[in-house]
Amino acid sequence: MLSESLHQELIDLRQRVAEQALMLTQMGQQLLHFQQAEPPLEASHQKLSVPLQQSSIAIIEWNTIFEVVDWNPTAERLLGYSKQDAIGRHVTDLLPLEQSHRLMATARNQAPGDRTLHQTVTPDGKPAVYTWHNAPLMNGQQQVTGVLSLVHVSVDSPATAVLTEACDTTQHSTAPLSSDFLNAIINTTTDPLFVKDQQHRYILLNDVFCQFMGWHRPDVIGLTDHEVFPDSEQAEFFRETDQIVLTTECDREDEESLTNLHGQTHLFSTKKSCLRDATGKKFMVGTMRDITALKAAEAALKQSKEELEIRVEARTVELQQTVVQLQQQVHERQAALHKRDQAESKLQYIRKFLESVLRTLPVAVIAKEAKDLRYVLWNPAAEAVLGATAKEVMGKNAYDLLPLEQAEVVMAHDLQVLQTRDILDLPEELVPADGGEARILHTKKTAVFDEDGNPQYLLAITEDITERKQAEVALQQNGAQLRALAQREELLNRVANQIRSSLDLDTILQTTVHEVRNLLQIDRCSFCWYHPESEQLANLEFTHESRSAGFPSFLGTYPQDLSKPADRHNPIVESLLSQTPYRVDDVETDPHLKPEARDILRFYNYHSELLLPVQILSGRRGGIHCGHHSAIRPWSESEIELLQAVASQLAIAINQAELYHQSVIAANTAQQQTQQLEEALQELQEAQAQMVQSEKMSSLGQLVAGVAHEINNPVNFIYGNLTYANEYIQDLLQLINLYQEQYPTPTKQIQTVATAIDLQFVMTDLPKLLASMKVGADRIQQIVASLRTFSRMDEAEFKAVNIHEGIDSTLMILQSRLKAQQMRLKGCEYARPAIEVVKAYGNLPLVECYAGQLNQVFMNVLSNAIDALDERDSRRDAATMEQNPSVIRIRTEVCDGDRVLIAIADNGPGIPEAVRQKLFDPFFTTKPVGKGTGMGLSISYQIITERHGGSLQCQSSTGEGTEFLIEIPLKQVPQ
């Protein structure tokens, strides 16, 4: 009988084997993810077919000889053939011969996105005009495999089509359509439509045309263009083009500009056609398409193209300088890609290896999803051990397969593993078999976690240990042999644990040779690599060894010339190339040893030698080399088996070390790429925000310029006539005085009127009234000039301007914020004094700059200063504000002879240092939500530093006010 300790050692040995199987199973989890990805792909294919079948456009697929491959329901409706009738038929069987040849010619030569119009007759005899969009179908080798056609009813001229159809219906129908019905049809069109008679009088207008022009239809019907359009030239142009259409009876298309009663001007593409009624009388029918937005887009595209060409030209020199560097980088990246392809090939080989391991693993491997504990993995060994196929259990849980009591036990164990996150070991479980004989199973359960550390799967490794338990009885009869075997396997496990406890290859190899030498008690154990250099040249490299004291080291590289018999018959080389063990018990008496090999062993003083190759996934060739110098040392079969097991464990450890090294490299690369993407995203967000803010300022500039222009014209009219009005009034007043001198006693009626209008007051106040109007007109002219100066809409490039004019125009626009304001504090209202602006302008020459952008900077800085003063004054009472009023100081001067300095300072609360450090950062703001975007100073900083090559600084401290220093060159160097 075996002792209790020996029995326990046997159990521990089997448990270690199960742990190794668990590790291999975890490596195969990637295969499980690939299998789960297949159903969603099939579902996506089914989803894509639904919109194709329900599309309102006819979709037809032709093969290369124009036979129908697919024909959706809309094609059945439009072309009149069912899918069953159309599949496999040639295009000439479905369309008229002339049209089918034209379709094949255009389909072969038509570019994707082009369209063609074809008029045809449907099988029921109805005429129809269809628009065909054709595109070639390509395979992965860019070879044409067919043609895809999209067909829909043509709507190029809906109004003309409606009228034509209506006229045809009227001529051929016994019951003519009513005018109300025709008007209802015409008013459903989305484009303006009108009809004129031969005298060019409007006889029909649809609702869309009337709504745009602002016309009341009854007021316009019967009138000509000269009677409805104030511009006689435009009306004459309409009359001439109408007459051409009526005379030639040919369609005509023009681009025409129309201004409605609301003052809105749009550009239209107008198509005019001549139609005849049943009596032969001519009518001119016009349809219009609003192309205002299209033309505006074309102009913007042209401007963008010109700006892009300027930028491209500016960047060409810089790009040429970097070409050499880029070529070098391309070369380096190609080399890196080649290495990556090699690594991917190795990973593919490993994946297939793991799949094979999972299929051939002798223990049952079972996986359940953590959420519902339903089976998602059931390997072939599980089918053999548990008696159920994968098809029977996949997607089910224990309650679906086992009796309630047994299922509750299994579920309790599973939940315990998921909650405690510990490995659950069930050494012996009795499971009834189909034949009535109970089986003994050893199961280990553990949780598999996702990247966030949450349980994703429950993994169970189950081994049928029935035969093992039965063998224990027989093994008790041979205790000595079993003890020796257990001790040997214990030594194997100790060696395996030591070499697999590290991912460093040098540590793994050094530990292996040291443990093997101690295990076998031999003089030398080493590890060697075989490195082929060419077909005939190679190197044997001994990298790690463990040897007894007194024996020399054989570490190093030994060149091998396979063209020489001594190297070609080197037993170590032959063993590594053939991947078969090499064994010599006695160098002198071994009958299989070649003379050349015996000479080599004698040279190195070997009496016995053994080499076991190690199979490595990467394809490298290596082996464990054992040698004994002091005496003959025969190798037993059990020792060779033990070393083969060590070699297998060593191969796994080497593969893991290489995979870990590759994963570290891949992780570092991924981290670097992630950081680069984050930086690029941040730059893109900043650029996008700056573009939005710039577009807002551009729109504001356009609005300001437009308002200034619209105000300027009437003001000039008023201002120009004030002088003449003053002269006329002085003449009238002089005439009245003369009348009073010559006729001092007027009639009673004149006296009554003079008294009623207070003639003396009018004569005194009228000159004052004209003087006041002149002052107001002067003020309006100043405001208009300031608005035009601020907008600078005509100064997109560098231009020499007066900086002081830009500052003054900005102050003029902000005047409403600078003047006195009504304030409210603690329930009391009082007047806030005006913010005083102190100018200390230096003698500045004209400065070359982007005037509009520089005015934007002045606006941002001055607005922030006013905001700071208002925020400070909201916390002060009237007495404090009167004692220490708010002041903004603006100072300009020339510094260093070639630069100009603009300093804008306020006596506000100042800016803390922590805020000042981030003042020019994008999106940084201290204002409440909705009152600031955080982009004003950021864009101002970019305008000054990047666009003008200058500097923008902020000097401030808490309680001491703030000063912004803007410094730019007097003359700019175009970039």
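Scroll up to find the structure.
Residues numbered from 1 in each chain as written. Predicted model: local features only at pLDDT ≥ 70, side-chain atom pairs only at ≥ 80, totals over all residues. Heavy atoms only, no water.

Student: How would you sum up the overall build of the protein chain? Please name residues and give values.
Tutor: Along its length, the protein chain carries 32 helices and 30 strands. Of all 975 residues assigned to the protein chain, the portion counted as buried reaches 36%. Only carbon and sulfur atoms are counted for the fraction: they give 54% of the accessible area of the protein chain, which is about 56700 Å². (Helix = DSSP H or I, 4+ residues; strand = E, 2+ residues; numbered from the N terminus. Buried < 20%, exposed > 50% of the residue type's maximum accessible area, 1.4 Å probe, protein only. Areas by Shrake-Rupley, 256 points an atom, 1.4 Å probe, with all protein chains shown as cover.)

Student: Kindly report on the pattern of salt bridges, identifying the contributing residues and their values.
Tutor: Counted under the stated rule, the structure contains 33 salt bridges. Among the salt bridges present, the one from Lys-282 reaches Glu-249, with a minimum N-O distance of 3.3 Å. Linking Lys-282 in strand 10 (residues 282–290) with Glu-249 in the loop between helix 12 (232–248) and strand 8 (252–259), this pair joins segments that are 33 residues apart in sequence. Among the salt bridges present, the one from Arg-899 reaches Glu-967, with a minimum N-O distance of 2.7 Å. Residue Arg-899 is located in strand 28 (residues 899–906), and its partner Glu-967 is located in strand 30 (residues 962–969); the two are separated by 68 residues in the primary sequence. (Salt bridge = Lys/Arg side-chain N within 4 Å of Asp/Glu carboxyl O.)

Student: Got a sec to walk through the environment of Arg-421? Specific residues and values, please.
Tutor: When you line up the elements, Arg-421 lands in the loop between helix 17 (404–420) and strand 13 (424–432). Given the relative accessible area of 44%, Arg-421 is considered partly exposed. Once the C-alpha coordinates of Arg-421 and Lys-445 are considered, the two residues, 24 residues apart in sequence, prove to be 10.0 Å apart. Setting aside anything within four residues of it in sequence, one finds Arg-421 in contact with Gln-416, Phe-449, Gly-453, Asn-454 and Pro-455. At a separation of 2.7 Å, a polar atom in the side chain of Arg-421 contacts the main-chain carbonyl oxygen of Gly-453. (Contact = heavy atoms within 4.5 Å. Polar contact = N/O pair within 3.5 Å; in protein donor to acceptor, adjacent residues only side chain to side chain.)

Student: Go over a nonpolar patch on the surface with me, naming the residues and quoting the values.
Tutor: A surface patch of nonpolar side chains, amounting to about 550 Å² of accessible area, comprises Leu-732, Leu-735, Leu-738, Tyr-739 and Tyr-743. Mapped onto the secondary structure, Tyr-743 falls in the loop between helix 24 (637–742) and helix 25 (748–757). Among the residues examined, Tyr-743 registers a relative accessible area of 56% and is labelled exposed. (Patch = residues over 30% accessible without salt bridge, like charges linked within 9 Å, V, L, I, M, F, W, Y side chains within 5 Å.)

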